[in-house]
Amino acid sequence: MFAVSGANGHLGRRLLPALLRHGPVRALVRSEAAAAQLRSLALGDGCEVRIVDPSDRSALGEALDGCAALAHLAGILKETARNRYQDAHEAVCAAIADAAAAAGVGRVVCLGILGSTAGSANACFASRAAAEQLLMDGPVPATIIRVPMVLGESDYAAGALARRARSGLNLVLRGASLEQPIYAGDVIDALVSSLDDRSAADHVYQLAGPESLPRSALIHRAAAVLGRSTRVVSVPLALGMAAAWLLERLSANPPVTRAMLGVLDHDDRVNTEPAASALRIRLTPLDETLRRTLR
């Protein structure tokens, strides 16, 4: 049996049916609302939904009992006063490392963010890297798969890109920022492969789509796929950071933060061949990804 934490997210809802083709799955979520969302998908008797606090070692250990492997998909991009990076990342991964070992889980696969680096000046990146290291140093073999922007049918990122593509004018922060979007289906294939393959453990993979291009060029490509044209105007990142700083001072839960903007502004340009080859997946070309997800 496989377990999936953060199972109600966009990728979690895709991963569950993919894993069900290999056997029973235990979906771990934090709330009754999330559990109801998964139950509404009618995934069948092979999918067991459990509500568990991922930082509660005892409850998590019970939830992982009998599971061969765990896919950990949960994490946050924006920190708030009530949901700190340390609580969402390091505390959870420390609990997972202990609970997985106690439950006899064979391996853990964690989905991370491209750009995460220990000691990064960006609080989100630094927190993610620290959490990953806790898993890598733990007693259970761990695999980390870091990805950039993920585009899938009917998801938030694809919807936002589609809205930009249909707009006649786009103001974007640092249009030269490099994006290397990956198709959601390719991420699912990578997760399934690593969960099913013991040789993938104890690795950190940098996985992305086959093309890296400026953000402004990505919007133009998306518009072309939709048969539209658009004008993209680049706004200095400093202006966005200044606005985010002000919002952080005015609100306990601002719509955007400086750390969040820093993650979104990261230049994604990696060689995808090593990860794609090791995980035995074929990456979907960018234009095909755009055709599948924007329409």
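Scroll up for the structure.
Residues numbered from 1 in each chain as written. Predicted model: local features only at pLDDT ≥ 70, side-chain atom pairs only at ≥ 80, totals over all residues. Heavy atoms only, no water.

(A) Quick look at the overall build of the chain. The helix and strand inventory of the chain stands at 13 helices and 13 strands. Taken over C-alpha atoms, the radius of gyration comes to 19 Å for the chain, in line with the 19 Å a tight globule of 295 residues would show. Taken across its 295 residues, the chain has 49% of its residues classed as buried. In the chain, once contacts between residues fewer than 6 apart in sequence are set aside, the share between residues at least 24 apart is 76%. One way to put it: in the chain the 31 positive side-chain charges average out to a point 8 Å from where the 29 negative ones average out. (Helix = DSSP H or I, 4+ residues; strand = E, 2+ residues; numbered from the N terminus. Rg over C-alpha atoms; globule rule 2.2 N^0.38 Å. Buried < 20%, exposed > 50% of the residue type's maximum accessible area, 1.4 Å probe, protein only. Contact = heavy atoms within 4.5 Å. Lys, Arg positive; Asp, Glu negative; His and termini not counted. Charge placed at Lys NZ, Arg CZ, Asp CG, Glu CD.)

(B) Fine view of the nonpolar core. By size, the foremost hydrophobic cluster in this structure holds 39 residues, and its most contacted members are V4, L15, I145, L191 and L207. Among the elements that make up this core, the one with the highest residue count is helix α8 (residues 184–196) (seven residues). Filtering out sequence-adjacent residues up to four positions away, L15 remains in contact with V4, A71, L73, I188, L191 and V192. (Core = buried A, V, L, I, M, F, W, Y, C linked by side-chain atoms within 4.5 Å.)

(C) Geometry of the environment of L226. Following the sequence through the fold, L226 ends up in the loop between α9 (215–225) and β13 (231–235). In this structure L226 comes out as buried when scored by relative accessible area, which is 18%. For the pair L226 and A162, spaced 64 residues apart in sequence, the C-alpha to C-alpha distance is 8.4 Å. Not counting residues up to four positions away in its chain, the partners in contact with L226 are A162, A165, R166, L294 and R295.

(D) Broad picture of the pairing of strand β6 (residues 142–147). β6 sits mainly inside the fold: six of its six residues count as buried. Side chains of β6 alternate between two faces, with A142, I144 and R146 and T143, I145 and V147 buried alike. Where the polypeptide runs from strand β5 (residues 107–113) across helix α6 (residues 123–137) and back to β6, its parallel neighbour, the crossover connection is right-handed. Bridge count between β6 and strand β11 (residues 203–206): four bridges; the pairing is parallel. (Right-handed = clockwise from strand over helix to strand, strands pointing away. Pairing = 2+ DSSP bridges.)

(E) Looking closely at α8. With 13 residues, α8 extends 19 Å between its outermost C-alpha atoms, agreeing within 8% with the 18 Å of an ideal straight helix rising 1.5 Å per residue. Burial in α8 covers these residues: A184, G185, D186, V187, I188, A190, L191, V192, S193, S194 and L195. (Expected span 1.5 Å × (residues − 1).)

(F) Region of interest: unusual backbone geometry. Although it is not a glycine, A42 sits at a positive phi angle of roughly 50°. Within the secondary structure layout, A42 lies in the loop between α2 (32–39) and β3 (47–51). A relative accessible area of 65% places A42 in the exposed class. A positive phi angle, close to 60°, is found at R280, a residue other than glycine. Of note, R280 is situated in the loop between α12 (273–278) and α13 (286–294).

(G) Just a nonpolar patch on the surface, in detail. A cluster of nonpolar side chains, namely W245, L246 and L250, defines an oily patch on the protein surface of about 330 Å² accessible area. Note on placement: L250 falls in helix α10 (residues 237–250). (Patch = residues over 30% accessible without salt bridge, like charges linked within 9 Å, V, L, I, M, F, W, Y side chains within 5 Å. Areas by Shrake-Rupley, 256 points an atom, 1.4 Å probe, with all protein chains shown as cover. Salt bridge = Lys/Arg side-chain N within 4 Å of Asp/Glu carboxyl O.)

(H) Inspection of the sheet that holds strand β4 (residues 69–72) at higher detail. Pairing in this open sheet of seven strands is parallel, and the strands run β3-β2-β1-β4-β5-β6-β11 from one edge to the other. The outermost strands of the open sheet, each flanked by one partner alone, are β3 and β11. The mean inter-strand angle of the sheet, taken between neighbouring strand axes irrespective of direction, is 20°. Relative to β5, β4 runs parallel, the two being bridged by four bridges. Considered in β5, the bridge of A71 is made with V109. α6 rests against β5, β6 and β11 of the sheet, and its axis sits at about 170° to β5. (Axes fitted to C-alpha atoms, helices over the stretch in contact; angles between N-to-C directions.)

(I) Quick look at a negative patch on the surface. Together, D53, D56, E62 and D65 make up a negatively charged patch on the protein surface. As for its position among the elements, E62 is in helix α3 (residues 57–64).

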